[in-house]
Amino acid sequence: EAGVTQFPSHSVIEKGQTVTLRCDPISGHDNLYWYRRVMGKEIKFLLHFVKESKQDESGMPNNRFLAERTGGTYSTLKVQPAELEDSGVYFCASSRAGTTDTQYFGPGTRLTVL
Amino acid sequence: QKEVEQNSGPLSVPEGAIASLNCTYSDRGSQSFFWYRQYSGKSPELIMFIYSNGDKEDGRFTAQLNKASQYVSLLIRDSQPSDSATYLCAAGGNSGYSTLTFGKGTMLLVSP
């Protein structure tokens, strides 16, 4: 069974540019989560999809971040325009349907905004 | 504000010793607790989860949960150099779908 995959693995952009991160969850996993780790801080929740619906987006920092999960398969997270403080590692995780089922993490996308 | 606190370490133990990793959590509503291991530059990998008070053993790993004290621990017996990594403690919610609240992680160094 393939794990959670994320693309790209690294992205370096300039302030004001746009970046789109992609996550492919484990096949059959209805739940998809985005998390972010800023240097020196803990991993923090951004948002949660159940299939194609946003279940919880309370962790999204501001309206420069837009997440989508069309068709309930892969998800994208767009940052537009990027700011310096957006730098960090963005993790995607997925789990099967259910409440406290185990979340499996992808390798992350390291975003650097210059 | 939900918080999970961990000692950042590093925790240094010799090969073969028992490593004890601890965390505390602030939200009494948390019902599920997870230990992830993360090697540098890699994704967090689930080691164990625990939902009930007491101990849960899986091979060399034992997770302990004390909800009254809001305390979770992970014991690693017969530590190996390959166990050297950052260990992340995470707490999950008690209703609906569970997002995770993570601690900053404890770095474990196992010396040969």
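Scroll up to find the structure this text is about.
No experiment lies behind these values; they were computed from the predicted model shown.

K.L.:
I'd love a proper account of the overall build of chain B, names of residues and values included.
P.N.:
Of the regular secondary structure elements, chain B holds 0 helices and 11 strands. For 112 residues, the compact-globule estimate of 2.2 N^0.38 gives 13 Å, and chain B sits close to it at 13 Å. Projecting the C-alpha coordinates of chain B onto the three principal axes gives extents of approximately 45 × 30 × 20 Å. Each of the 112 residues in chain B was classed as buried or not, and the buried ones make up 45%. Across chain B, every contact between residues at least 6 apart in sequence was considered, and the portion connecting residues at least 24 apart equals 53%. Summed over all atoms, the accessible surface of chain B reaches about 5200 Å², with 47% contributed by carbon and sulfur. Here chain B holds 9 positive side-chain charges and 10 negative ones, and the gap between their average locations is 5 Å.

K.L.:
Explain the pattern of salt bridges to me, and be specific about the residues and the numbers.
P.N.:
Where charged atoms of side chains with opposite charge meet at close range, the side chains can pair. All names here are of chain A. Under the counting rule described, the total for this entry stands at 9 salt bridges over all chains. E85 serves as the salt-bridge partner of R64, at 4.0 Å between the closest nitrogen and oxygen. Of this pair, R64 sits in the loop between β6 (53-56) and β7 (65-68) while E85 is found in the loop between β8 (75-79) and β9 (88-95), placing the two residues 21 residues apart along the sequence. As a salt-bridge pair, R64 and D86 come within 2.5 Å of each other at their nearest N and O atoms.

K.L.:
Give me the lowdown on the state of the cysteines, citing residues and values where you can.
P.N.:
For the structure shown, the criterion picks out 2 disulfides over all chains. Here C23(A) connects covalently by a disulfide to C92(A), the sulfurs 1.8 Å from one another. Taking the sign of the S-S torsion, about -60° here, the bridge from C23(A) to C92(A) comes out left-handed. A residue pair is termed long-range when its members are at least 10 positions apart, and C23(A) in strand β3 (residues 19-24) and C92(A) in strand β9 qualify at 69 residues. For the pair C23(A) and C92(A), one class covers both residues: buried. The partner cysteine of C23(B) in its disulfide is C89(B), sulfur to sulfur 2.0 Å. Residue C23(B) is found in strand β3 (residues 19-25), and its partner C89(B) is found in strand β9 (residues 85-92); the two are separated by 66 residues along the sequence.

K.L.:
Describe in detail the packing of aromatic side chains, supporting the description with residues and values.
P.N.:
Summed over the entire model, instances satisfying the criterion amount to 14 aromatic pairs over all chains. Pairing Y35(A) with F45(A) gives two aromatic rings, centres 6.0 Å apart and planes at 70°, and the pair type is edge-to-face. Pair noted here: Y35(A) is in strand β4 (residues 31-37) and F45(A) is in strand β5 (residues 43-50), with a separation of 10 residues, a long-range link. A relative accessible area of 13% means that F45(A) is categorised as buried. An aromatic cluster is built from Y33(A), Y35(A), F45(A), F91(A), F105(A), F34(B), Y36(B), F49(B), Y51(B) and F102(B), whose rings are joined through pairwise contacts. Geometry around F49(B) places K56(B) over its ring, the cationic atom sitting 3.5 Å from the centre. One cation-aromatic arrangement involves R60(B) over F61(B); the distance from NZ or CZ to the ring centre is 5.4 Å.

K.L.:
Explain the interface of chain B and chain A to me, and be specific about the residues and the numbers.
P.N.:
Across the contact, 20 residues belong to chain B and 22 residues belong to chain A. For the pair chain B and chain A, the two sides together bury roughly 1700 Å², of which 58% comes from carbon and sulfur. Taken together, the connections running from chain B to chain A amount to 0 salt bridges. At the surface where chain B touches chain A, the tally comes to 3 residue pairs in polar contact (both at pLDDT 80 or more). Counting residues per element, the side of chain B that touches chain A draws most heavily on strand β4 (residues 32-38) of chain B, which supplies 4 residues. Broken down by class, the residue content of the side of chain B that touches chain A amounts to 10 nonpolar, 8 polar and 2 charged.

K.L.:
Describe the sheet that holds β7(A), listing the residues and the values that go with them.
P.N.:
Residue and element names in this part refer to chain A. As summarised here, the arrangement of the 4 strands in space is β1-β3-β8-β7, forming an open sheet in which the pairing is antiparallel. Both edges of this open sheet fall to β1 (5-7) and β7, since each of them pairs with a single strand only. Between one strand axis and the next, the sheet turns through 15° on average, direction left out of account.

Thresholds, definitions, all that
Residues numbered from 1 in each chain as written. Chains lettered and ligands numbered in written order. Predicted model: local features only at pLDDT ≥ 70, side-chain atom pairs only at ≥ 80, totals over all residues. Heavy atoms only, no water. Helix = DSSP H or I, 4+ residues; strand = E, 2+ residues; numbered from the N terminus. Rg over C-alpha atoms; globule rule 2.2 N^0.38 Å. Buried < 20%, exposed > 50% of the residue type's maximum accessible area, 1.4 Å probe, protein only. Contact = heavy atoms within 4.5 Å. Areas by Shrake-Rupley, 256 points an atom, 1.4 Å probe, with all protein chains shown as cover. Lys, Arg positive; Asp, Glu negative; His and termini not counted. Charge placed at Lys NZ, Arg CZ, Asp CG, Glu CD. Salt bridge = Lys/Arg side-chain N within 4 Å of Asp/Glu carboxyl O. Disulfide = S-S within 2.5 Å. Phe/Tyr/Trp six-rings, centres within 6.5 Å; stacked < 30°, edge-to-face > 60°. Lys NZ or Arg CZ within 6 Å of the ring centre and 35° of its normal. Buried area = accessible area lost by both parts, 1.4 Å probe. Polar contact = N/O pair within 3.5 Å; in protein donor to acceptor, adjacent residues only side chain to side chain. Nonpolar A, V, L, I, M, F, W, Y, C, P; charged D, E, K, R; others polar. Pairing = 2+ DSSP bridges. Axes fitted to C-alpha atoms, helices over the stretch in contact; angles between N-to-C directions.

Functional significance is not addressed by these values, which are geometric in nature.
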